Amino acid sequence: MYSTRAVGLAPAFRQAALRPRNVARNPVLRNLFAKRTIQTESLPPAAEQQILNQQRLRRPSSPHFTIYQPQLTWIGSIANRFTGVGLSVLLYGYALAYLVAPTTFDSTHVIEAISGLPDAVKYAGKAILAAPFAFHSWNGLRHLSWDMGKFLTLKGAYTSGYAVLAATAVSTVALVLM
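Below, the structure is looked at part by part. Residue positions are given per chain, counted from 1 along the sequence in the order it is written. Local features in this predicted model are restricted to residues whose pLDDT is 70 or higher, and side-chain atom pairs enter the listing and the counts only when it is 80 or higher, whereas totals over whole chains, interfaces and linings include all residues. Hydrogen atoms and water are omitted, and side-chain values are computed over all heavy atoms in the structure.

**Quick notes on the overall build of the chain**
Then, number 1: Counting secondary structure elements, the chain contains eight helices and two strands.
Then, number 2: Only DSSP runs of H or I with at least four residues qualify as helices, and only runs of E with at least two residues qualify as strands; both kinds are numbered from the N terminus onward. Put simply, the chain runs from its N terminus to its C terminus through helices and strands in the order β-α-α-α-β-α-α-α-α-α.
Then, number 3: Think of it in three bands: with a 1.4 Å probe and only protein chains considered, a residue is buried below 20% of the maximum accessible area for its type, exposed above 50%, and partly exposed in between. Put simply, the chain has 178 residues, and 14% of those count as buried.
Then, number 4: Residue contacts are defined here by distance: any two heavy atoms, one from each residue, within 4.5 Å place the two residues in contact. Considering only contacts in the chain between residues 6 or more positions apart, those separated by 24 or more positions represent 66%.
Then, number 5: Roughly 14,100 Å² of accessible area belongs to the chain as shown, and the carbon and sulfur atoms make up 67% of that amount. In these tables, accessible area is a Shrake-Rupley quantity obtained with a 1.4 Å probe, and a residue counts as shielded only by the protein chains included in the view.

As structure tokens, this is what we get:
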């Protein structure tokens with residue numbers, strides 16, 4: 001089923017150009033604003049959906065990390081979420097393991113297993129656990145200060161962000177050396 005329609009601004013230009021009597025008789029202007037036609041075809045809904053899906057696949061995904069310069073504010077926010085999820089997974093994983101096998105995961109067995117490891121592995125394990133714990137704790141205090149209305153300016157956000165990073169480094173070293 002085909003239909004023919006005039007598309008664009010040509011009909012409006014044609015009316016404006018051909019309205020005066022002296023221009024209406026001018027064949028050059030009449031050919032300049034020639035009528036353009038298109039043909040349309042009715043499609044079933046499945047074909048319309050397929051065309052729409054193809055158009056969506058060609059669209060860029062926006063916004064995307066590649067167009068933004070990394071900033072302390074959003075990197076800190078993402079890191080806070082990752083550390084929170086990681087610490088939660090460790091806590092709930094250990095709790096579930098203790099519920100499943102309480103004699104294997106009690107404190108005496110865990111201490112015996114860790115005491116047999118080399119010192120380098122112990123320090124690495126402590127650092128791997130201490131760094132996310134320290135960052136998440138200090139960044140949580142930063143968020144509490146934001147809730148109280150402190151450090152809400154851009155300068156304040158960056159100052160508190162660098163303070164969180166410094167406190168994380170110092171407290172990670174302190175926790176590892178305990």
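**Overview of the pattern of salt bridges**
Then, number 1: We define a salt bridge as a side-chain nitrogen of Lys or Arg found within 4 Å of a carboxyl oxygen belonging to Asp or Glu. For the structure on display, the rule yields one salt bridge.
Then, number 2: Between Lys122 and Asp119 there is a salt bridge, with the nearest N and O atoms lying 3.9 Å from each other. One end of the pair is Lys122 and the other is Asp119, both in helix α7 (residues 119-147) and three residues apart, which spans about a single turn.
Then, number 3: Accessibility expressed as a relative area gives 27% for Lys122, which makes it partly exposed.

**What to know about the packing of helix α5 (residues 72-100) against α7**
Then, number 1: Relative orientation of the contacting elements α5 and α7 amounts to 125°, with a least axis distance of 9 Å. When the axis of α5 is compared with that of α7, the two are oblique. In this structure, the crossing between α5 and α7 has a hand that is left-handed. Every residue of α7 that contacts α5 at Gly76, Ala79, Asn80, Thr83, Gly84, Leu87 and Leu90 is listed here: Leu129, Pro132, Phe133, Phe135, His136, Asn139 and His143. In this analysis an axis means a line fitted to C-alpha atoms, helices contributing only their contacting stretch, and an angle means the value between N-to-C directions, from 0 to 180 degrees. Roughly parallel means an angle under 35 degrees; roughly antiparallel means over 145; roughly perpendicular covers 65 to 115; every other angle is labelled oblique. By convention, the crossing between two helices is left-handed when the near helix turns anticlockwise from the far helix through less than a right angle, and right-handed when the turn is clockwise.

**Overview of a nonpolar patch on the surface**
Then, number 1: Note on patches: the residues involved have over 30% relative accessible area and no salt bridge, like charges join within 9 Å, and the nonpolar side chains Val, Leu, Ile, Met, Phe, Trp and Tyr join within 5 Å. On the surface, Tyr94, Tyr98 and Phe105 cluster together into a nonpolar patch covering about 280 Å² of accessible area.
Then, number 2: Along the chain, Tyr94 turns up in helix α5.

**Observations concerning the packing of α7 against helix α8 (residues 154-176)**
Then, number 1: It is at 8 Å that the axes of α7 and α8 come closest, and there the two elements cross at 150°. For the pair α7 and α8, the crossing hand works out as right-handed. Contacts between α7 and α8 involve Tyr123, Lys126, Ala127, Ala130, Ala131, Phe133, Ala134, Phe135, Trp138, Asn139, Arg142 and Trp146 from the former and Ala157, Ser160, Gly161, Val164, Leu165, Ala167, Thr168, Ser171, Thr172, Leu175 and Val176 from the latter.
Then, number 2: Residues belonging to the contact of α7 with α8 are distributed by class as follows: 15 nonpolar, six polar and two charged. Gly counts as polar in this scheme, as do all residues outside two lists: the nonpolar Ala, Val, Leu, Ile, Met, Phe, Trp, Tyr, Cys and Pro, and the charged Asp, Glu, Lys and Arg.

**Observations regarding unusual backbone geometry**
Then, number 1: Backbone geometry at Phe151 places phi at a positive 60°, although glycine is not the residue there.
Then, number 2: Along the chain, the position of Phe151 falls in the loop between α7 and α8.

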